[in-house]
Amino acid sequence: MCAVTTPRLDKPVPGRRNFVRIIGGAWRGRRISFPDLPGLRPTPDRVRETLFNWLQHDIVGTRCLDLFAGSGALGLEALSRAAREVVFVEQAQAAARALGAELERLGGSARARVMEMGAARFLRTPGEPFDGVFLDPPFGHGALEEYVPWLDAGHWVKTGGWVYLENERAAGAPALPPHWQLLKSKSAGEVGYHLARVTARASNA
């Protein structure tokens, strides 16, 4: 993840920067900086390593959505591992601009788009479905319960595509639509993380 927990807390703390390292692929070991914003919480290295081990055969050539991008750690990891395209959605101006700068520095801008807007606004706009979605909203707001139905009803994930979901460990595995299959579910520290497969399109009848 990496998203901000309140609507427009987008002013960085002066003089402070945070960093994550890409752990695999062409950009392995490259350090990514992001502003110190309230609530911005990149997915831990240990979790990212496990996730991309799960996805090792499902990343190359795919089009992915990083819906609560923040630092961009998940989407950048996917690009490093040869995803065809990643769309990053991040409402905090400072985080979105920092992510754009990192993509330029890495030479990944041609395969990425950074959308400076909220996740709800993005999902209300027409768009093509994705092969995979990273869904790591802010903790403590029950956001998975809100955004999973939106992704499903809007047909944002292709049939056969995957969705990564991250939440508080105490919340357990998230409720999923009946045509989503939970493939993997683990926890690390206070983080619960899960991988699901979309096996059919939602019925909007």
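So, how was this worked out
- Residues numbered from 1 in each chain as written.
- Predicted model: local features only at pLDDT ≥ 70, side-chain atom pairs only at ≥ 80, totals over all residues.
- Heavy atoms only, no water.
- Helix = DSSP H or I, 4+ residues; strand = E, 2+ residues; numbered from the N terminus.
- Buried < 20%, exposed > 50% of the residue type's maximum accessible area, 1.4 Å probe, protein only.
- Contact = heavy atoms within 4.5 Å.
- Areas by Shrake-Rupley, 256 points an atom, 1.4 Å probe, with all protein chains shown as cover.
- Phe/Tyr/Trp six-rings, centres within 6.5 Å; stacked < 30°, edge-to-face > 60°.
- Lys NZ or Arg CZ within 6 Å of the ring centre and 35° of its normal.
- Polar contact = N/O pair within 3.5 Å; in protein donor to acceptor, adjacent residues only side chain to side chain.
- Pairing = 2+ DSSP bridges.
- Axes fitted to C-alpha atoms, helices over the stretch in contact; angles between N-to-C directions.

**Q** Explanation requested: the overall build of the protein in the structure shown.
**A** A tally of helices and strands in the protein yields five helices and nine strands. The secondary structure elements of the protein, listed N-terminal to C-terminal, are β-β-α-β-α-β-α-β-α-β-α-β-β-β. The proportion of buried residues among the 205 residues of the protein is 52%. The long-range fraction of contacts in the protein, counting pairs at least 24 apart against all pairs at least 6 apart in sequence, stands at 67%. When the accessible area of the protein is evaluated, it comes to approximately 9400 Å², of which 50% is carbon and sulfur surface.

**Q** Explanation requested: the packing of aromatic side chains in the structure shown.
**A** When we look at a pair of aromatic rings, we describe it by the centre distance and by the angle of the planes. As enumerated under the stated definition, the model contains seven aromatic pairs in all. On the basis of an interplanar angle of 40° and a centroid distance of 5.9 Å, the ring pair of Phe 52 and Phe 134 is categorised as tilted. In this pair, Phe 52 is assigned in helix H1 (residues 45-54) and Phe 134 in strand E6 (residues 130-135), connecting sequence segments 82 residues apart. Just as Phe 52 is buried, Phe 134 falls in that class too. On the basis of an interplanar angle of 90° and a centroid distance of 5.1 Å, the ring pair of Phe 68 and Tyr 147 is categorised as edge-to-face. Within this pair, whereas Phe 68 is found in the loop between strand E3 (63-66) and helix H2 (73-80), its partner Tyr 147 is found in helix H5 (residues 143-153), the two being separated by 79 residues in sequence. The class for Phe 68 is buried, based on a relative accessible area of 11%. Its guanidinium or amino end placed over the ring of Phe 19, Arg 31 lies 3.9 Å from that ring's centre, counting from NZ or CZ. Directly above the ring of Phe 130 sits Arg 63, whose terminal nitrogen or CZ lies 4.0 Å from the centroid.

**Q** What exactly am I supposed to notice about the side chain of His 194 here?
**A** Relative to the assigned elements, His 194 resides in strand E9 (residues 191-198). Of note is the side chain of His 194, whose polar atom sits 2.6 Å from the side chain of Ser 185. The residues touching His 194, leaving out its near neighbours within four places in the chain, are Trp 54, Val 163, Tyr 164, Leu 165, Asn 167, Gly 172, Ala 173, Pro 174, Leu 182, Lys 184, Ser 185 and Lys 186.

**Q** Got a minute to help me understand the sheet that holds E3 in this structure?
**A** Whenever strands of a sheet pair, they do so through backbone hydrogen bonds, lying parallel or antiparallel. The seven strands lie next to each other as E5-E4-E3-E6-E7-E9-E8, forming an open sheet whose pairing is mixed. Of all strands in the sheet, those with a lone pairing partner are strand E5 (112-115) and strand E8 (180-188), marking the two edges. When the angles between neighbouring strand axes are averaged without regard to direction, this sheet yields 15°. Where strand E4 (residues 85-89) meets E5, four bridges bridge the pair, whose relative direction is parallel. Across the sheet, Phe 88 pairs through a bridge with Val 114, a residue of E5. Each of E6, strand E7 (157-168), E8 and E9 is contacted by H1, which is oriented at about 20° to E9, the strand it contacts most.

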